[in-house]
Amino acid sequence: MYRTILVPTDGSEHAIRAAEHARYLARAFDVTVHLVSAADIQTAGGMFNAGGVDAEFVARIEAENEQAIEATEAVFDGDAIETAVLRGRPANAILEYADDHDADVVAMGTHGRTGVSRYVAGSVTEHVVRRAPCPVLTTKATERSNLAGDYEDVMIPTDGSEAASAAIEHGIEIAKRAGARIHAVTIIDVGAMAPTPGSTPPPELIERFEAEGKRATEAIADRAAEAGLDATTSVTEGLPARDLLAYADEHDVDLVTMATTGRTGVSRYLLGSTAERLIRHAEMPVMAINARKQANR
């Protein structure tokens, strides 16, 4: 499934944590890792950039990016990796490199120190998630994201839509390599189904969405069983982003794999805003799969 993993870094603890998860996937799938750092000369130059910056300034900025690569390279413990210092706006440089090198996964931190590139700040990560031609695994340096062994529990949220199915193969294949349990979860947003604010949808409508959620989660469980994996399903009412995070915390989920763009469906959490909330607030890694981009690959 994966042949190339791209790891952008600024040397921050969040980027290094993302590199640790990239190393895990690289070894599980026997793939090549590309470790890069983006030298944003224009941003680094600030107000002094209007007249251009000299070669010494550029060399100093690029040296800082080289140091970020060296700090992160230690994570891979002698594994063969390819490295590069990129030039340009970080998000654009990362996306261009991913496209040029046919990256199958981008792994990056969601927060970082103030530094030369600043690209691990949330807004830039979200920019990459929205536009990347491949899945983007995001994580921050938290106790929950500390990878001590194999993934044991992988959550796949679904609303039953075709777009949501883009994440299923990734979640199951990673779980298969790790021997993890699959959690197929649907959160029915009853409030979003109501015809007017404060009103309640007809019971038959809620029942129909519950049946669709049950069908969708059981379909994932069936695919997990075919792969020799244990699986559990859950269909509940609530607020999608909030309750997906609560479920992940309650069940010690190690990885969430979910689509980021989908049609209007049972819970509507596949719309970008909800996926972005998970990326911002999840204590564990989130692999976001852009359903439209995947369909066009």
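Read on for a plain summary of the structure. (Residues numbered from 1 in each chain as written. Predicted model: local features only at pLDDT ≥ 70, side-chain atom pairs only at ≥ 80, totals over all residues. Heavy atoms only, no water.)

**Observations regarding the pairing of strand S10 (residues 286–289)**
Phase 1: By the alternation rule, side chains of S10 split into Val286 and Ala288 and Met287 and Ile289, which are all buried.
Phase 2: Two elements, strand S5 (residues 136–139) and S10, share three bridges in a ladder whose sense is antiparallel. Following the sheet pairing, Leu137 is matched in S10 by Met287.
Phase 3: Two elements, strand S9 (residues 255–259) and S10, share four bridges in a ladder whose sense is parallel. Looking at the pairing, Met258 lines up with Ala288 of S10. (Buried < 20%, exposed > 50% of the residue type's maximum accessible area, 1.4 Å probe, protein only. Helix = DSSP H or I, 4+ residues; strand = E, 2+ residues; numbered from the N terminus. Pairing = 2+ DSSP bridges.)

**Concerning the pattern of salt bridges**
Phase 1: Going through the model one piece at a time under the given rule, you end up with 11 salt bridges.
Phase 2: Across the salt bridge formed by Arg242 and Asp243, the nearest N and O atoms sit 3.0 Å from each other.
Phase 3: Classification of Asp243 as buried rests on a relative accessible area of 17%.
Phase 4: With a closest N to O distance of 3.7 Å, Glu276 and Arg280 form a salt bridge. With a gap of four residues between them, Glu276 and Arg280 both fall in helix H10 (residues 272–281), about one helical turn apart. (Salt bridge = Lys/Arg side-chain N within 4 Å of Asp/Glu carboxyl O.)

**Quick notes on unusual backbone geometry**
Phase 1: Of note in this structure, Asp30 is not a glycine but carries a positive phi near 55 degrees.
Phase 2: Relative to the helices and strands, Asp30 is located in the loop between helix H1 (13–29) and strand S2 (32–39).
Phase 3: The exposed category is assigned to Asp30, whose relative accessible area is 69%.
Phase 4: The phi dihedral of Asp252 falls on the positive side, at around 50 degrees, and the residue is not glycine.
Phase 5: Tracing the backbone through its elements, the reader meets Asp252 in the loop between helix H9 (240–250) and S9.
Phase 6: With a relative accessible area of 49%, Asp252 lands in the partly exposed category.

**Description of the packing of aromatic side chains**
Phase 1: What the rule picks out here adds up to two aromatic pairs.
Phase 2: Stacked on the ring of Phe209, the Lys or Arg Arg208 has its end atom at 5.0 Å from the ring centre. (Phe/Tyr/Trp six-rings, centres within 6.5 Å; stacked < 30°, edge-to-face > 60°. Lys NZ or Arg CZ within 6 Å of the ring centre and 35° of its normal.)

**Let's talk about the sheet that holds S10**
Phase 1: If you trace the 10 strands from one edge of the open sheet to the other, you get S3-S2-S1-S4-S5-S10-S9-S6-S7-S8, paired in mixed fashion. Edge positions in the open sheet fall to strand S3 (81–87) and strand S8 (231–237), since each of these has one partner strand only. Strand-to-strand twist across the sheet, computed as the mean angle between neighbouring axes with direction ignored, equals 20 degrees.
Phase 2: Looking at chain direction, S2 and S3 are connected through seven bridges and run parallel. Within S3, the position partnered with Ser37 by the bridge is Val85.
Phase 3: In this fold H9 packs onto strand S6 (153–157), strand S7 (181–188) and S8, with an angle of close to 150 degrees to the strand it touches most, S7. (Axes fitted to C-alpha atoms, helices over the stretch in contact; angles between N-to-C directions. Contact = heavy atoms within 4.5 Å.)

**A look at the environment of Ile172**
Phase 1: One can find Ile172 in helix H6 (residues 168–178).
Phase 2: The exposure class of Ile172 is buried, given its relative accessible area of 7%.
Phase 3: Residues Ile172 and Ala221, spaced 49 residues apart in sequence, show a C-alpha to C-alpha distance of 9.7 Å.

**Here we look at the environment of Leu229**
Phase 1: Along the chain, Leu229 falls in the loop between helix H8 (203–226) and S8.
Phase 2: The exposure class assigned to Leu229 is buried, which follows from its relative accessible area of 10%.
Phase 3: Between the C-alpha atoms of Leu229 and Ala180, which are 49 residues apart in sequence, the distance is 7.0 Å.
Phase 4: Look past the residues within four positions of Leu229 in its chain and what remains in contact with it is Ile172, Ala175, Lys176, Ala180, Ile182 and Ala224.

**Here's the deal with H8**
Phase 1: Taking 1.5 Å per residue as the helical rise, H8 with its 24 residues ought to reach 34 Å, and the 35 Å between its terminal C-alpha atoms agrees with that figure.
Phase 2: Along its buried surface, H8 packs onto S6, H6, S7, helix H7 (190–193) and S8. (Expected span 1.5 Å × (residues − 1).)

Purely geometric numbers; function is a separate question.
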